[in-house]
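# Tertiary structure, described
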Amino acid sequence: MSSLITKVRQKQIAQTIDAGNRLDGRALTDYREFTLEQGVIEKAEGSARVRLGKSEVLVGVKVATGEPFSDTPNAGVMTVNAELVPLASPSYEPGPPDENSIELARIVDRGIRESKAIDTEKLCIESGKKVFVVFVDIYVLNYDGNLIDAAALAAMGALLNTKMPNYEVVDGEVKLKQGYTPLPMKSHPITVTTGKINDKLIVDPGFEEEQVMDARISMAINDEGNICAIQKGLAGYFTPQQIIEASKLAQEKAVEMRKKLKW
Amino acid sequence: MSSLITKVRQKQIAQTIDAGNRLDGRALTDYREFTLEQGVIEKAEGSARVRLGKSEVLVGVKVATGEPFSDTPNAGVMTVNAELVPLASPSYEPGPPDENSIELARIVDRGIRESKAIDTEKLCIESGKKVFVVFVDIYVLNYDGNLIDAAALAAMGALLNTKMPNYEVVDGEVKLKQGYTPLPMKSHPITVTTGKINDKLIVDPGFEEEQVMDARISMAINDEGNICAIQKGLAGYFTPQQIIEASKLAQEKAVEMRKKLKW
Amino acid sequence: MSSLITKVRQKQIAQTIDAGNRLDGRALTDYREFTLEQGVIEKAEGSARVRLGKSEVLVGVKVATGEPFSDTPNAGVMTVNAELVPLASPSYEPGPPDENSIELARIVDRGIRESKAIDTEKLCIESGKKVFVVFVDIYVLNYDGNLIDAAALAAMGALLNTKMPNYEVVDGEVKLKQGYTPLPMKSHPITVTTGKINDKLIVDPGFEEEQVMDARISMAINDEGNICAIQKGLAGYFTPQQIIEASKLAQEKAVEMRKKLKW
Amino acid sequence: MSEKHEKLINKKGIRLDGRKADELRPLKLEVGVIPSADGSAYIEHGKNKILVGVFGPREVHPKHLSRPDRMVLKCRYHMAPFSVQERKSPAPSRREIELSKVIRESLEPALFLELYPRTGVDVFVEVLQADGGTRCASITAAALALADSGLPMRDLVVACAAGKVEDSIVLDLYDAEDKLGDADVPVAYMPNLNAVTLLQMDGILSPEEFEKAVNMAMDGCKQIYPLQKEALKTKYLKVKEETKDEEIEE
Amino acid sequence: MSEKHEKLINKKGIRLDGRKADELRPLKLEVGVIPSADGSAYIEHGKNKILVGVFGPREVHPKHLSRPDRMVLKCRYHMAPFSVQERKSPAPSRREIELSKVIRESLEPALFLELYPRTGVDVFVEVLQADGGTRCASITAAALALADSGLPMRDLVVACAAGKVEDSIVLDLYDAEDKLGDADVPVAYMPNLNAVTLLQMDGILSPEEFEKAVNMAMDGCKQIYPLQKEALKTKYLKVKEETKDEEIEE
Amino acid sequence: MSEKHEKLINKKGIRLDGRKADELRPLKLEVGVIPSADGSAYIEHGKNKILVGVFGPREVHPKHLSRPDRMVLKCRYHMAPFSVQERKSPAPSRREIELSKVIRESLEPALFLELYPRTGVDVFVEVLQADGGTRCASITAAALALADSGLPMRDLVVACAAGKVEDSIVLDLYDAEDKLGDADVPVAYMPNLNAVTLLQMDGILSPEEFEKAVNMAMDGCKQIYPLQKEALKTKYLKVKEETKDEEIEE
């Protein structure tokens, strides 16, 4: 993707960061403004849209019934899928998910799964036979950098907005009843991504910064400030010291965001 | 496909039509001769071959048992599939169905489905559990223009030729019995395609005419002369008046063909 | 694949064989040294590695439960799959199986199936409902010629090494019990491939010989010396006399190999 | 198009959602909504929510698909997995492939393809929520996105369906009417050129009913047409203001 | 190749379909049956009905598959979904991929590939109805289609199987014999060159039985060979007559 | 990462497989094991058995993926169908696609990509048997295979995981610990450059536990590093001897 901006612009970005500043005026550790709107797709069981800078991610949640995995017969199933919708960037192409969209989906999945955000045991209808299946579909509608954080946030926003149909089991058949219950949620992970450019760490990289970024590290932080998922990405490296530093930045930013989100 | 004939030939075709004639001697609203042979594939439950000009389409019907759709628990299932078999034209390629074969299958499907040609309720074996599934496979064996009409005709010919196995249900299991029953049919739609070349309407376009055609409109007409499916195709347009005209041509031609077919 | 060695080298190979010799010092009807190691993948139910010259083939066997085919309700199921793993040759590419790997799998499958090597009736758990399914996965780890014989040998080696879990059926459910039983085997086919170069027959062609080979014929020979599967390959031909000759070579070599293998 | 349940139209001729027979659903059109696209538009047509992005003219991939004498228009109509009642697999269905084709063919007559030889333009349609009539709403929005991209056009293309519900010809069917009604006739139209660029039909109509439905659909198109123009104007007013702001800042 | 049911051969050595052990099924061969193809043929071999079309020599797609020193022959053996008892998915099965390969390799020895460098020839085989022995019938027809396309050939390729049914070696197995019999040996052969270009075997045969079966299959090939030539001649007589007609008309 | 069964660590701090908390599983490393590859290595890390082959620098297919200013590194991490408890389909899973990406990104910092513009290097990782920690073992072996291919490298990359099992931070988790433990932190590291090139985490760790785990994983890497060097040396000693033998023969 390094060809999306000119070499001159790349140099300018790197030099500004070297000097401790960013082209959009942020400090190195500033997060951009973001908004979270929930319930934007009325027909889905849950949905949310996040705008982070000009990045825009929509997540829809559908709930269906299905079979549990054989090693967790009492737990509902969650699957996360991500699409880099081709209208979101001139560099995205239609087709089956590529490594970038698969990685995005798996990072978001990991943050939710490892933090035990969904109380999946409450999604069991009949042990070993029937459980609720929660489909989390990430739809990237505009690419302006740091899709990981935006997608993780939108996914949590959509899950917190999700209503499951009430039901009763009659003769082994699931019958839907009137009304809805919120999806049982236990935890509220927030994912924070830190990038490295010219050996400097920056929080929440924007589109242009991503074009010159050496490496990134994304950390999901739960309500207690513990780390529940990490992904280092891109073809660069971090020193061990930078990793500890990135971990501290993630903690701080998660606290700030949690306050704003009232989670 | 505009490269299949020369520019000179294209011009010649257009000019002839402009003058109210066609290169093969037909009037603008003449349909070509066609033949319908039924029962050509003995091992299939139903089959028919249509020759329309040099276009040749073979349709085979297979009947199996399967599950109904959840929203129509008492109805059998029909699926239509079309293959532009690569031996039928130098421009066809092997591989999964492309947009042209998918459109062809869906137009034929629509004509049969919307006219309620098959009495699908009679294909129900056990409500919500087991029904007959009718596979209609369209096989284009030579391309000489107007495959839509030829395929629609061959599909109806094959369905009218289809024999379902007799059966009884013993302890919830379907057991085949001796003998066959014809597939229950209620209606006999006939599809007629009209093309537009240089603002003139022509019926039943041939191969070369299709290379210069601006737009086409296909209409399925049922026994009562009502319209039961329409598809406009290609990158041109029709005026509202031309659409009404095409609808009248379709009615007329369907009556002529119905007479010939004794449907 | 003819471009894998130079024209000069091709000529040299052909001339040597014309003179009744082979570049690696073998006589035309000599088989290369081979080794068979069993149980190399402890976690698989069965496994074996064959080294034939520098060709290396690993076969792993997994046993699962599944449904029988409707026409053989009392028989277990065997499926053979082959992968020309891309690290085995610069000419192999990752991706779905191509015609070469499919042919390889089907030749090995045929030798095992037609010789009735596995007593599939003993793999039936509940007639028509549940049987053992034996997955034979051929993994080519280095390509140095005559993969067919090496793969067939490794597959038999792996099957002879396969342990099925003991089980009992309780209320229609399969419950695994302590211990293992060997897979029930009835026959020990050995496959021998003969190549044709400049009208001369050679046994067990090596990598370079395969680059100039006109045709090959592979024959599976069972314990009684009967033929139980044949595949002629490549774009050349054999005279009827050469086929009889190849059949005799296959008999002889199978006896030699059987002695060495103590099968 | 099967059995009836509840009455879809009451004795006064009012439909379940409160509309009269010839009344459109509420429409909201926005232009220039995707910063990364060369042109874009968003439509809410009833409960349909559809986003369209346009890229190009640009190089065609793979190259052998480019044409020496004209631009190649490609179109992908795609439904989000959460846009419908039962989650839809993201892989393109046969229905989506057919609709991509007819939507493309409904837009091509509006473009001067021969002006941009060897190039390609991509139209990406994403249905975020579906409630009947998505192909028409997609075309209405796609024409706006193409205009927004700056491509010269013969006319805007605008689309609307009419159909038959409980013996009445009605305009602009929503999901339940589409499923329980007797016929649906989606029409795409270029009002200034009086040209129909998409016409399909499901169901059964007499020739008279068909003619009535086509006319009603075209009337619907003519009502939407000024909303399209308005949406374009709003975008350009906005752009103008932003430019002005920038000038002031400088 | 498993358990026996009804007797397939009676005491007099007559098979269920009335044939003797060394008797072929009825054959019908036609050449030049697909107007759009460069060469084509149709075969009915017993109840097998198979159509073959040939295109080329033409450009190879994708280009990197072309060869600087010879023509590339491609072959697709494909079964129509309705050709067999249970509907077959149109996607190519592993069996079809293998048969495409061995059919191609059975035809290549008959062609002068080096005469047409950088080009490709496609052979498309469509099995419309299958009744045992489709690969052999496909080869017999494909050789005719190649000849019909005008490509020079060393010889026609003709194919036939023999096998073992209830302890007898018999010629040209049909579906039930193939399924219930003990062995099947399909052979493709160029009679003039005495060259075997396809040989496969399923089942168990002693070396003596195998030799007998191969010889019987080659005898079958030799019986079909004149029918191939006849079919070609008929086509060319027909072409000649048509040309004469045209001359008369002029 | 769910419920506990049997105790995985006993009172004396010894794990079920007999190891102490900070002890590695047995390792075996071999270089140059695939004659057809340009570079190769084999690793047994506990019960993991992994083979890596490297090809290149060579032409990139398809061409448009090549880069004018640097080499393109491609990596495929693939599990043999028989490598795990339940047979794995050979088609690449989403997990395998993700791991291919992170493994590639863990190796790239060690290479001088800009030295080989317009070329490609392929790293093929085949997991023959899996027992927890395959991504780390793959990286350790892949770095060896790259070195074996002769590509200049900034440093070897070596990988190892640490994690949390029953309240202890432990080194190099095997399958059962991975599944029943509380967290797993795989780390890839270039010891000479003090650079972490892969870092992932599953599970829940406090910041202090995380720091401890990363340090323990890097210590594990530092223990494996000399084994890598040893394996390379062994290969080159072997090559040297073979060359000597040849000289003697001559």
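This report concerns the structure included in the present document. The structure presented is a predicted model; accordingly, all values stated were derived computationally and were not measured.

### Remarks on the overall build of chain A
Helix and strand counts for chain A come out as five helices and 12 strands. A compact globule built from 263 residues would reach a C-alpha radius of gyration of about 18 Å, and chain A, at 20 Å, matches this within 12%. Considered along the principal axes of its C-alpha atoms, chain A spans approximately 70 × 40 × 30 Å. Within chain A, buried positions represent 60% of all 263 residues.

### Some words on the overall build of chain D
Per the secondary structure count, chain D includes four helices and nine strands. Mapped in sequence order, the helices and strands of chain D form the string β-β-β-β-α-β-α-β-β-α-β-β-α. The C-alpha radius of gyration computed for chain D amounts to 19 Å, which stays within 12% of the reference 18 Å derived for 250 residues, consistent with globular compactness. Counting only residues that meet the buried cut, chain D has 57% of its 250 residues in that class. A separation of at least 24 residues holds for 68% of the contacts in chain D among residues at least 6 apart in sequence.

### Some points on the sheet that holds strand β2 (residues 39–45) of chain E
Hydrogen bonds between backbone groups are what pair the strands of a sheet, and the pairing can be parallel or antiparallel. Residue and element names in this part refer to chain E. Read from one edge of the open sheet, five strands run β1-β2-β3-β5-β4, paired in mixed fashion. The strands lining the two open edges of the sheet, one partner per strand, are β1 (27–31) and β4 (72–79). Across the sheet, the mean angle separating the axes of adjacent strands is 15 degrees when strand polarity is ignored. With nine bridges connecting them, strand β3 (residues 48–59) and strand β5 (residues 119–129) associate as antiparallel partners. What sits directly across from Glu-59, in β5, is Thr-119.

### A few points about the interface of chain F and chain A
Each partner contributes to the interface: chain F provides 32 residues, whereas chain A provides 40 residues. Of the roughly 3000 Å² buried at the junction of chain F and chain A (both faces included), carbon and sulfur atoms supply 54%. Scanning the region where chain F abuts chain A turns up five salt bridges. With its nearest N and O atoms 2.7 Å apart, the salt bridge here joins F:Lys101 to A:Glu103. Put simply, chain F and chain A have 15 residue pairs in polar contact (both at pLDDT 80 or more) between them. Top contributing element to the side of chain F that touches chain A by residue count: strand β9 (residues 195–205) of chain F, with 11 residues. By residue class, the composition of the side of chain F that touches chain A is 15 nonpolar, five polar and 12 charged.

### As for the state of the cysteines
All names here are of chain E. In this structure the tally under the stated criterion is zero disulfides over all chains. You can see Cys-160 has no disulfide; the closest cysteine sulfur is in Cys-221, sitting 5.5 Å from it. By relative accessible area, which is 0% here, Cys-160 ends up buried.

### Some thoughts on the side chain of E:Gln129
Along the polypeptide, E:Gln129 turns up in strand β5. For E:Gln129, a relative accessible area of 1% puts it in the buried group. Reaching out from E:Gln129, the side chain makes a polar contact with the side chain of B:Glu42 at a distance of 2.8 Å.

### Describing the pairing of strand β7 (residues 163–170) of chain A
All names here are of chain A. For β7 and strand β8 (residues 173–182), the ladder comprises seven bridges, and the chain directions are antiparallel. Each bridged residue has a counterpart across the sheet, and for Glu-168 the counterpart in β8 is Lys-175. Hairpin connection from β7 to β8: two residues lie between these consecutive antiparallel strands, with Asp-171 at a positive phi of about 55 degrees.

### Brief notes about the arrangement of the chains
Separated in space, chain A and chain B share no contact, their closest pair of C-alpha atoms being 14 Å apart. Spatially, chain B is disjoint from chain C: no contact exists, and the shortest C-alpha separation is 14 Å.

### Re the pairing of strand β2 (residues 39–45) of chain D
All names here are of chain D. For β2, a buried count of seven out of seven residues is recorded, marking the element as mostly surrounded by other parts of the structure. Across five bridges, strand β1 (residues 27–31) lies against β2 in antiparallel orientation. Looking at the pairing, Leu-29 lines up with Ile-43 of β2. Here β2 runs beside strand β3 (residues 48–59); their pairing, made up of seven bridges, is antiparallel.

### Some details on helix α5 (residues 240–261) of chain A
Spacing of three or four residues puts side chains on the same side of an α-helix, whose turn is 3.6 residues. Here α5(A) contains 22 residues, and its C-alpha end-to-end distance of 31 Å stays within 8% of the 32 Å for a straight helix at 1.5 Å per residue. Phi for A:Lys262, located one or two positions after α5(A), is positive at around 55 degrees.

### Remarks on the pattern of salt bridges
Any two side chains of opposite charge can pair if their charged atoms end up close together. This model, assessed by the stated rule, comprises 129 salt bridges over all chains. Salt-bridge contacts for B:Asp204 lead to B:Arg26; the nearest nitrogen and oxygen are separated by 3.2 Å. Of the two residues, B:Asp204 sits in the loop between β10 (200–203) and α4 (207–212) while B:Arg26 sits in the loop between α1 (7–18) and β1 (34–38), which places them 178 residues apart along the sequence. Note on accessibility: B:Asp204 and B:Arg26 belong to one class, buried. E:Asp131 serves as the salt-bridge partner of B:Lys43, at 3.2 Å between the closest nitrogen and oxygen. Of this pair, B:Lys43 sits in the loop between β1 and β2 (46–52) while E:Asp131 sits in the loop between β5 and α2 (134–148), each in a different chain.

### Observations regarding the packing of helix α1 (residues 94–107) of chain E against α2(E)
Residue and element names in this part refer to chain E. Across the interface, α1 lies against α2 with an axial gap of 10 Å and an inter-helix angle of 45 degrees. Between α1 and α2, the crossing angle belongs to the class labelled oblique. Of the two elements, α1 crosses α2, and the hand of that crossing is right-handed. On the side of α1, the interface is formed by Arg-95, Leu-99, Ile-103, Ser-106 and Leu-107, while α2 contributes Thr-134, Arg-135, Ser-138, Ile-139, Ala-142, Ala-143 and Leu-146. Taken together, the residues of the contact of α1 with α2 break down into seven nonpolar, three polar and two charged.

### What about the interface of chain D and chain A?
If you look at the interface, chain D gives 27 residues, while chain A gives 26 residues. With both sides pooled, the region where chain D packs onto chain A buries about 2300 Å², and carbon together with sulfur makes up 61% of that total. Area buried by chain D at its contact with chain A is led by D:Phe82, D:Arg87 and D:Gln129, which between them contribute 29% of it. The tally of links between chain D and chain A comes to three salt bridges. Put simply, D:Lys49 and A:Glu42 hold a salt bridge, and the shortest N to O gap is 3.3 Å. Our count for the chain D to chain A interface comes out at 14 residue pairs in polar contact (both at pLDDT 80 or more). Among the elements that line the side of chain D that touches chain A, the one with the most residues is β3(D), at six residues.

### Structural notes on the sheet that holds β10(B)
One open sheet accounts for eight strands, arranged β10(B)-β9(B)-β11(B)-β12(B)-β9(D)-β8(D)-β6(D)-β7(D); its pairing is antiparallel. Only two strands of the sheet have a single partner each, and these edge strands are β10 of chain B together with β7 (168–171) of chain D. Taken pair by pair, the neighbouring strands of this sheet meet at an average axis angle of 20 degrees, ignoring direction. With seven bridges joining them, strand β9 (residues 190–197) of chain B and strand β11 (residues 215–221) of chain B adopt antiparallel strand pairing. By the bridge assignment for β11(B), B:Ile190 is matched with B:Ile221. This element, helix α1 (residues 94–107) of chain D, spans β11 and β12 (227–233) of chain B together with β8 (183–190) and β9 (195–205) of chain D of the sheet and lies at about 140 degrees to β9(D).

### Brief notes about unusual backbone geometry
At the junction of E:Gly56 and E:Pro57, the peptide bond is cis and its omega measures out at 0 degrees in the coordinates. Note on placement: E:Pro57 falls in strand β3. The omega angle of the peptide bond from F:His61 to F:Pro62 is -10 degrees, so this bond is cis rather than trans. Here F:Pro62 is to be found in the loop between β3 (48–59) and β4 (72–79). A positive phi angle is found at A:Lys116, which is not glycine, with a value near 55 degrees. One can find A:Lys116 in the loop between α2 (99–114) and β5 (124–126). Non-glycine residue D:Glu166 carries a positive phi angle of around 45 degrees. Position of D:Glu166 relative to the elements: it lies in the loop between β6 (158–165) and β7.

The rules we used
- Residues numbered from 1 in each chain as written.
- Chains lettered and ligands numbered in written order.
- Predicted model: local features only at pLDDT ≥ 70, side-chain atom pairs only at ≥ 80, totals over all residues.
- Heavy atoms only, no water.
- Helix = DSSP H or I, 4+ residues; strand = E, 2+ residues; numbered from the N terminus.
- Rg over C-alpha atoms; globule rule 2.2 N^0.38 Å.
- Buried < 20%, exposed > 50% of the residue type's maximum accessible area, 1.4 Å probe, protein only.
- Contact = heavy atoms within 4.5 Å.
- Pairing = 2+ DSSP bridges.
- Axes fitted to C-alpha atoms, helices over the stretch in contact; angles between N-to-C directions.
- Buried area = accessible area lost by both parts, 1.4 Å probe.
- Salt bridge = Lys/Arg side-chain N within 4 Å of Asp/Glu carboxyl O.
- Polar contact = N/O pair within 3.5 Å; in protein donor to acceptor, adjacent residues only side chain to side chain.
- Nonpolar A, V, L, I, M, F, W, Y, C, P; charged D, E, K, R; others polar.
- Disulfide = S-S within 2.5 Å.
- Expected span 1.5 Å × (residues − 1).
- Parallel < 35°, antiparallel > 145°, perpendicular 65-115°, else oblique.
- Left-handed = near helix turned anticlockwise from the far one by under 90°.

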